[in-house]
Structure formats: C-alpha cells, structure tokens
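Structural overview for review
Chain by chain, the residues run as shown.
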Amino acid sequence: LTLSERSLAAVADFIKSGKARRIVVMTGAGISTAAGIPDFRSPDTGLYANLAALNLPEPEAVFDLTFFCENPRPFYALARELYPGARYRPTVSHVFIALLARKGLLHMLFTQNIDCLERAAGIPPDRIVEAHGSFATQRCIDCKEPFEEARMRDFVARAEVPRCERDGCGGLVKPDIVFFGEALPSAFFEQIGKAKEADLILVMGTSLQVHPFAGLPNMADEKVPRVLFNLEQVGSLGTQADDVMVLGDCDAGVRKLADELGWRDELEKTWRE
Ligand code: OAD
C-alpha cells in the first residue's frame, strides 16, 4: 500500500481505487469543538486551562478516580457542561465518518469522546468503540448498581452529586466514562485487532497524549497510509513515508477530502439534515 504522493488528492485516489476498504478512524475532542464542546488541552479554550475555579491539585484530577472518591463535586460541576443532549449537534467531521460507514468503508471508529455525537451522526453502534466510555449509562462505584438515566439528568442539571439508592448503599454514582486509574472497556481490547487490519488510518482532533489509545495509530503496518486532521502535529504522525498531514481545522480538512472524492454535496446535505 502506497500513495502516489502525500496529498489529499492522493488519499482520495487511494480510496476511489478500492484499495482502502478497511478504513480505521481514531478521534478525540477536537472533532467536537465545532459543536461547542471544549476540548481538554488547547491552551486557552481547553477544559484543563479553565478549571482553576474548582481548586484542583492538577486539572486531570477532575477525571481521577481516587480524587473523585474524596471529592466528586468538581466532576459534577463540569459534567453539566459536557453532558450530551439536544444542545449539541454532530459536526461535519462526524458526518464524514458516518458517510464512510454508509459506503461500507468504515472498518472501525475508535473514539475517546464521551459526548455520544458519533451515534447522533448515525454511525452504526457496531462500528464505534467508545474507548473512554460515555455518558450513556452510569452506576454506583461501590455496588455497581445501575442508576436511572432520567434521575441522572436531573442531578447533572443541578450540578449535584448522585448517590446510590439501593438499600443501605449510598455509594457515589459515576457515569461509565473511563477515569484515570480505571481500565478501558473490554470492547477496546476486543476490537483492537481492527486497528491492525486497517488499510487506511484517519486520525482526527486528538493530542494523542493518553495511553493506551495513543498507541492505536502505530498498530498497523508502517506501509499503511495515515492521514492527520488536526490543528497541530501529534504522536508519530508525519514520520512515516505515507503520512499525510492536514494541519488546521478538521472540518475544513474533511471538506477538502470530500471535494477530492466527489462526496462534498452528499456531505453537506447529510450534515444539514
Ligand atoms: P485534547 O484536548 O488532548 O486534544 C485535542 C486535539 O484536537 C488537540 O491536538 C487540538 O489542537 C486539536 N483540535 C482542537 N480543535 C480542533 C479543530 N477544530 N480541528 C482540528 N483539531 C482540533 O483531547 P483528546 O486527545 O481527546 O479523557 O484527549 C484525550 C483524553 O484526555 C480525553 O478522552 C479525556 C482527557 O483526559 C477522559 O475523559 C478519560
């Protein structure tokens, strides 16, 4: 597998020639910033730069299990901002991934995002690995009893901390998002082979700072072309012969690729629907 040159036109030719039938996409918070959801590590706008008011030992503590057990309030102060709902719509980048699926080209999407916008964009659930879990379900961290979604919504809206309602338990309730100190969902490890089988890798909107997710782009053979849609260079992207760097806004980059593929009208129409 090789590209004729390191350009989006070459990537589009590669896809159109039928050589990319197992496209694996790896995403992070940067694909949702255009929806109005802040990312984590961008210098001024990222969540970690804006947590000073919560008096955390370090910004990542808000997603740290040990810290959460001592003080769950900062997490719930933040959860209100991040909680999925009708407020947020999928971006052009989400819709592009849904088009790949519709055309039978999406082998798997590995996402670190917890906003559920992949599902909202119509990507089939069996093609999504939510590597850091999601806000879709929640449970008690002690007895693991699930907690009702409608009740959760109320607590989050009031920035209050929900407690387990099973007789005598009273443990802290936490959404099933993966905190530092927790294992990734079993689906991540069950599906990791899909990343090795990729014939084209698209990395979008992630700083690749968090492991083991950050290792995914390195799992396929180094001859497999990789495309980075991101504001900045990240990880090992750019070091292999067939890496294509599309530095800038990911929606803009994806639109250019859609132009090259002749999918632009379909992309815009699906996004507006
Ligand atoms: P980060 O905030 O670390 O990285 C977002 C990346 O997207 C950065 O490289 C930005 O430059 C880039 N970016 C932002 N807006 C963009 C745009 N419109 N177009 C293109 N690129 C853009 O977010 P993640 O990599 O997702 O963990 O962070 C990984 C994990 O760290 C998260 O899943 C979260 C956090 O701790 C948990 O919640 C467990």
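Everything that follows concerns the structure shown earlier in this document.
Here is a short report on the structure shown in this document. A quick note: this is a predicted structure, and the numbers were derived from the prediction, not measured. (Residues numbered from 1 in each chain as written. Predicted model: local features only at pLDDT ≥ 70, side-chain atom pairs only at ≥ 80, totals over all residues. Heavy atoms only, no water.)

This next bit is on the sheet that holds strand S2 (residues 106-111). Pairing within the open sheet is parallel, and its six strands lie in the order S3-S2-S1-S6-S7-S8. Since the sheet does not close on itself, it has two edges, and those belong to strand S3 (128-130) and strand S8 (243-247), each with one partner. The average angle at which neighbouring strand axes cross in this sheet is 15°, direction not considered. Bridge count between strand S1 (residues 23-27) and S2: five bridges; the pairing is parallel. Across the sheet, the residue bridging to Met26 is Phe110, located in S2. On top of the sheet, helix H7 (residues 186-196) reaches S1, S2 and S3; it is set at about 135° to S2, its chief contact. (Pairing = 2+ DSSP bridges. Helix = DSSP H or I, 4+ residues; strand = E, 2+ residues; numbered from the N terminus. Axes fitted to C-alpha atoms, helices over the stretch in contact; angles between N-to-C directions. Contact = heavy atoms within 4.5 Å.)

A cis amide bond links His211 to the next residue, Pro212, at an omega of 5°. Tracing the sequence through the fold places Pro212 in the loop between strand S6 (200-204) and strand S7 (226-230). Of note, the phi angle at Cys116 is positive, near 65°, even though the residue is not glycine. On the secondary structure map, Cys116 appears in the loop between S2 and helix H5 (117-120). Cys116 sits in the buried class, given a relative accessible area of 15%. Of note in the backbone geometry, Leu208 takes a positive phi value of approximately 50° without being a glycine. With respect to the secondary-structure elements, Leu208 resides in the loop between S6 and S7. (Buried < 20%, exposed > 50% of the residue type's maximum accessible area, 1.4 Å probe, protein only.)

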